[in-house]
Amino acid sequence: MRRLFPHPADAAGTVTVRDAYDVPRPAPPGRPWLSLCMVASLDGTTVVDGRSRALSSPADQEVLLTMRSLVDAVIVGAGTVRDEGYGVPRHAQLKVVVVSRTGAGMDFDAPLWQSGRAWLALPADSPEVPVPTLRAGTGTVDLAAVLAQASDRLGAGVMQAEGGPSLNGALLAADLVDELNLTVAPLLAGGDGPRLTTGAPAGLHRMELAHVLEDDGFLFTRYVRRAEPAG
Ligand SMILES: NC(=O)c1ccc[n+]([C@@H]2O[C@H](COP(=O)([O-])OP(=O)(O)OC[C@H]3O[C@@H](n4cnc5c(N)ncnc54)[C@H](OP(=O)(O)O)[C@@H]3O)[C@@H](O)[C@H]2O)c1
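In this text the structure is predicted, and so the values were computed from the model without any measurement.

K.L.:
How should I be thinking about the overall build of the protein chain in this particular structure?
P.N.:
Within the protein chain, the secondary structure is distributed over 6 helices and 10 strands. Compactness check: the protein chain gives a C-alpha radius of gyration of 17 Å against a globular reference of 17 Å for 231 residues, within 12% of the reference. Seen along its three principal axes, the alpha-carbon backbone of the protein chain occupies a region of about 60 × 45 × 40 Å. Partitioning the contacts of the protein chain with sequence separation of at least 6, the portion at a separation of at least 24 is 62%. When the 20 basic and 26 acidic side-chain charges of the protein chain are each reduced to a single mean position, those positions are 3 Å apart.

K.L.:
For this particular structure, what's the right way to read the site of the ligand?
P.N.:
Inspection of the region around the ligand gives 27 residues, with Val 39, Thr 80, Glu 84, Ser 100 and Ser 166 positioned closest. Within the backbone of Val 39, a nitrogen or oxygen atom sits 2.7 Å from a nitrogen atom of the ligand. At a separation of 2.6 Å, an oxygen atom of the ligand approaches a polar side-chain atom of Thr 80. For the ligand, the protein covers 86% of the area, taking 930 Å² as the surface of the free molecule. For the shell around the ligand, the secondary-structure elements that each account for two or more residues are β2 (33-40), α3 (78-84) and α6 (165-173). In terms of residue count, the dominant contributor to the shell around the ligand is α3 (6 residues).

K.L.:
How do you make sense of the pattern of salt bridges when you look at a structure like this?
P.N.:
In a structure, side chains of opposite charge can pair up when their charged atoms sit close to one another. Under the defined criterion, the tally for this structure stands at 8 salt bridges. In this structure, the salt-bridge partner of Arg 225 is Asp 175, at a minimum N-O distance of 3.0 Å. A residue pair is termed long-range when its members are at least 10 positions apart, and Arg 225 in strand β10 (residues 218-225) and Asp 175 in the loop between α6 and β8 (179-184) qualify at 50 residues. For Asp 175, a relative accessible area of 37% corresponds to the partly exposed category. Here the salt bridges do not stand alone but share partners, grouping Arg 31, Asp 175, Asp 178 and Arg 225 into one network.

K.L.:
What's the story with helix α2 (residues 58-70) in this structure? I'm lost.
P.N.:
Side chains three or four residues apart in an α-helix point the same way, a direct result of the helix having 3.6 residues per turn. Taking 1.5 Å of rise per residue, 13 residues should cover 18 Å, and α2 covers 18 Å from first to last C-alpha, within 8% of that figure. All buried positions along α2 are accounted for by Ala 59, Asp 60, Val 63, Leu 64, Thr 66, Met 67 and Arg 68.

K.L.:
Would you mind showing me how to read the sheet that holds β8 here?
P.N.:
Within a beta sheet, neighbouring strands are joined by backbone hydrogen bonds and run either parallel or antiparallel to one another. If you trace the 10 strands from one edge of the open sheet to the other, you get β1-β9-β10-β8-β2-β7-β3-β4-β5-β6, paired in mixed fashion. Each edge of the open sheet carries a strand with a single partner, namely β1 (2-5) and β6 (133-135). Taking each pair of neighbouring strands and ignoring which way they run, the sheet shows an average axis angle of 25 degrees. Relative to strand β9 (residues 207-215), β1 runs antiparallel, the two being bridged by 3 bridges. For Arg 2, the partnering residue across the bridge sits in β9 and is Glu 214.

What counts, and where the lines are drawn
- Residues numbered from 1 in each chain as written.
- Predicted model: local features only at pLDDT ≥ 70, side-chain atom pairs only at ≥ 80, totals over all residues.
- Heavy atoms only, no water.
- Helix = DSSP H or I, 4+ residues; strand = E, 2+ residues; numbered from the N terminus.
- Rg over C-alpha atoms; globule rule 2.2 N^0.38 Å.
- Contact = heavy atoms within 4.5 Å.
- Lys, Arg positive; Asp, Glu negative; His and termini not counted.
- Charge placed at Lys NZ, Arg CZ, Asp CG, Glu CD.
- Near = heavy atom within 4 Å.
- Polar contact = N/O pair within 3.5 Å; in protein donor to acceptor, adjacent residues only side chain to side chain.
- Areas by Shrake-Rupley, 256 points an atom, 1.4 Å probe, with all protein chains shown as cover.
- Salt bridge = Lys/Arg side-chain N within 4 Å of Asp/Glu carboxyl O.
- Buried < 20%, exposed > 50% of the residue type's maximum accessible area, 1.4 Å probe, protein only.
- Expected span 1.5 Å × (residues − 1).
- Pairing = 2+ DSSP bridges.
- Axes fitted to C-alpha atoms, helices over the stretch in contact; angles between N-to-C directions.

Here it is in structure tokens:
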């Protein structure tokens, strides 16, 4: 990958994905560091024909898989699991937390659920399901409390959120996004697909640019939450 920012020190300006993404991610008190990983078109959609595949590239997949190797758990919305299917993670350390109000439409016989590496995050008042759960909230999942449980019960110090836009919006609404790894695909896609977040109340969350890489016209941006001024 070509590193565009910070300005490369060497003439070639190349960097491996692992070197670029293997950075310290200190857990905030009581919960894991949360890194959001998404790909979007130039005109802002994150979904083409019901999936993200058309927006992605081999380098984008490498970023996603490298990040999975660096985190303890993934958190993903039930909609994405239903739309894209989620297999057993290839990285042995990785656990998967799927967020849902009821677990409806989930295939609990699928390899992901049979692997013993997946948990369903549900509201405390939702019906029993035949898989391990993390439960918090009433009616909807209290995501801050679920992240705290992921820290305590799953030993997660760093988690990667993998969408989709509804879960992202709920995470943003709870102010839980510490990092955004956003791939900008060199595509204009048209349509009315959802952007990175949907459903969060309007409000500005200031982020700091950490790096910009380039491969085949795709931009790989990394932003982190801007630290609050001391005092
Ligand atoms: N471009 C990308 O990088 C990218 C990444 C991921 C996904 N996607 C695309 O995004 C689309 C899916 O996104 P989406 O927004 O429709 O779905 P989603 O965010 O994946 O999942 C939404 C579902 O998650 C559950 N949920 C979210 N927040 C919740 C909360 N606080 N409490 C309880 N449940 C909660 C609900 O599940 P229940 O309905 O079960 O209650 C809700 O319907 C797919 O087309 C996928 O391909 C794109």
